Amino acid sequence: MVKRAVLVGCNYPGTNSELHGCVNDVTKMYKTLISGFGFRKQDITIPIDTESDYLQPTGANIKRALNKMIVSSKKEHVLFFHYSGHGTRLPLESGEEDETGYDECIVPCDMNLIDDNDMRELIEKLPSGAAFTAISDSCHSGGLIKGLKEQIGDSFKRPFNKTNRNYGKFKRGKLEHGEGCFMKALKSLKAKLDETDDGDAYLQSAKMGKDLCGPKEAYAGRKTSNSVMDMAVLVSGCQSNETSADADPDGNPTHAYGALSNAIQTVLDSYQADQPISNSYLVNEVCCLLASQKFKQKPGLYCADDNLDAPFIFQQ
């Protein structure tokens, strides 16, 4: 069976939005995929921003890596995407509809945001019978793949609550009274431009449009299942209105981790290696573990009904 993965870690080194555990999350997941799920090293793409020798996790590079993995897949192929980094959410464009009332986004190292619509467009290229599992250990990650059914969580159509600081007052390109992740992202981009020799080229990359996934003829005529979301699964680090923790328990950045990623690793490590663990069991166990560790975030599970009890990453 063909198994491929894209593992993205954004630490944003040297910026005022720097995180410490994201690349560590990717390193641990890489080892887990090889030792526990039968992935081959050559079939795993790792964009990280702490090593210049690696593919940099810009918006364009992440989309291209995902697109390449998806459009080259066939029936019964197993695909996996793990993102660890900043996340944000933006108000909808006029006339746009969304289950959460916002566009949830991940924040690549060049701040070229990838939103839930982008993720949906990528998933729609899956051939019938191919399986896609995504983990997003990031803030506001509930509902990151638009159109997936919410099975565990309460991100869809939550009432606006002015007393909840996680909602904040939003304007496109501006965030007030909330976590301020998007404003931090913009400041980080400015800092990056100031210290980059070819600032104009870097800015051009950050301003590139949404069509970064290669020529459409590459996947034209591909047959998808009756529901393009039938074989897609999303595990979110938190609800749409929540943040995900970057934990540094002993003050040593080399030991830092994302709370969700670490909890997933803990549950997988404690489970019988010869028995598959279901998506619903994994997420419920992760929710309980994070609550016992006093984290306030509540992970979510998004998938079709048939995938609730399907094996995580479709182990065989």
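A quick note: this is a predicted structure, and the numbers were derived from the prediction, not measured.

J.: Where do I start with the packing of aromatic side chains in this structure?
T.: A ring pair, where both rings are aromatic, is described by two values, the distance of the centres and the angle of the planes. In this structure the tally under the stated criterion is three aromatic pairs. Ring centres of Phe37 and Phe312 lie 6.0 Å apart, and the angle between their planes is 80 degrees; this geometry places the pair in the edge-to-face category. Here the residue Phe37 occupies a position in helix α1 (residues 22-37), and Phe312 occupies one in the segment after β14 (300-303), the gap between them amounting to 275 residues. With respect to burial, Phe37 and Phe312 carry one shared label: buried. Ring plane angle 85 degrees and centroid distance 6.4 Å describe the contact between Phe80 and Phe312, whose orientation is recorded as edge-to-face. With Phe80 in strand β3 (residues 78-84) and Phe312 in the segment after β14, this residue pair connects regions lying 232 residues apart in the sequence. Pair check on accessibility: Phe80 and Phe312 agree, each one buried. Aromatic ring contacts, followed pair by pair, group Phe37, Phe80 and Phe312 into a single cluster. The lysine or arginine in question, Arg89, covers the ring of Tyr102, its NZ or CZ lying 3.8 Å from the ring centre.

J.: I'm lost on the sheet that holds strand β4 (residues 87-91) in this one. Help?
T.: Sheet strands pair via backbone hydrogen bonds, and the direction of the pair is either parallel or antiparallel. Judged by pairing direction, the sheet is antiparallel, and its three strands sit side by side in the order β4-β5-β6 without closing on themselves. The open sheet has two free edges, formed respectively by β4 and β6 (114-115), since each of these has just one partner strand. Inspection of the sheet shows strand β5 (residues 102-106) paired to β6 by two bridges, in the antiparallel sense. Its bridge partner being in β6, Cys105 is matched across the sheet by Asp115.

J.: Would you explain the packing of helix α2 (residues 59-71) against helix α3 (residues 116-123) in this entry?
T.: Two packed helices can be described by the angle between their axes and the distance between those axes. Where α2 meets α3, the axes come as close as 10 Å, and the angle between the chain directions of the two elements is 25 degrees. Between α2 and α3, the interaxial angle falls into the category roughly parallel. Relative to α3, α2 is oriented so that their crossing is right-handed. Along its contact with α2, which presents Lys63, Leu66, Asn67 and Ile70, the element α3 presents Asp118, Met119 and Leu122. When the residues that make up the contact of α2 with α3 are grouped by side-chain class, the tally is four nonpolar, one polar and two charged.

J.: Is there a simple way to think about the pattern of salt bridges in this case?
T.: It is possible for side chains of opposite charge to pair when their charged atoms get near one another. In the structure shown here, the tally under the stated rule is five salt bridges. Residues Asp43 and Arg40 are paired through a salt bridge, measuring 2.9 Å at the closest nitrogen-oxygen approach. Given the relative accessible area of 15%, Asp43 is considered buried. Using a relative accessible area of 46% as the deciding quantity, one classes Arg40 as partly exposed. The closest approach of N and O atoms between Asp305 and Lys149, which form a salt bridge, is 2.9 Å. Of the two residues, Asp305 sits in the segment after β14 while Lys149 sits in the loop between β7 (131-137) and β8 (150-152), which places them 156 residues apart along the sequence.

J.: I would appreciate a short explanation of the state of the cysteines in the present structure.
T.: Each disulfide consists of one covalent bond between the sulfur atoms belonging to two cysteines. A full pass over the atoms with the stated rule returns zero disulfides. This cysteine, Cys287, is not joined by any disulfide, and Cys288 carries the nearest cysteine sulfur, 6.8 Å off. Exposure remark for Cys287: the relative accessible area of 22% places this residue in the partly exposed category.

J.: Whenever I open this one, the environment of Gln151 confuses me. Can you help?
T.: Note that Gln151 resides in strand β8. Owing to a relative accessible area of 21%, Gln151 belongs among the partly exposed residues under this scheme. Measuring from C-alpha to C-alpha, the distance between Gln151 and Leu301 comes to 5.5 Å, with 150 residues separating the pair along the chain. The residues contacting Gln151, other than those within four sequence positions of it, are Leu301, Tyr302, Cys303, Ala304, Asp305 and Leu308.

J.: Looking at this model, I keep getting lost on the sheet that holds β8. Mind explaining?
T.: Strand order in the open sheet formed by seven strands is β2-β1-β3-β7-β11-β14-β8, with mixed pairing between adjacent strands. The two strands at the open ends of the sheet, each matched to only one other strand, are β2 (44-45) and β8. Here β7 runs beside strand β11 (residues 232-236); their pairing, made up of five bridges, is parallel. Opposite Thr133, over in β11, you have Val233 as the bridge partner.

J.: How do you make sense of the side chain of Ser280 when you look at a structure like this?
T.: Here Ser280 is to be found in helix α7 (residues 279-292). Setting aside its immediate chain neighbours within four residues, Ser280 contacts Ile152, Leu301, Leu308 and Asp309.

Thresholds applied
Residues numbered from 1 in each chain as written. Predicted model: local features only at pLDDT ≥ 70, side-chain atom pairs only at ≥ 80, totals over all residues. Heavy atoms only, no water. Phe/Tyr/Trp six-rings, centres within 6.5 Å; stacked < 30°, edge-to-face > 60°. Helix = DSSP H or I, 4+ residues; strand = E, 2+ residues; numbered from the N terminus. Buried < 20%, exposed > 50% of the residue type's maximum accessible area, 1.4 Å probe, protein only. Lys NZ or Arg CZ within 6 Å of the ring centre and 35° of its normal. Pairing = 2+ DSSP bridges. Axes fitted to C-alpha atoms, helices over the stretch in contact; angles between N-to-C directions. Parallel < 35°, antiparallel > 145°, perpendicular 65-115°, else oblique. Left-handed = near helix turned anticlockwise from the far one by under 90°. Contact = heavy atoms within 4.5 Å. Nonpolar A, V, L, I, M, F, W, Y, C, P; charged D, E, K, R; others polar. Salt bridge = Lys/Arg side-chain N within 4 Å of Asp/Glu carboxyl O. Disulfide = S-S within 2.5 Å.

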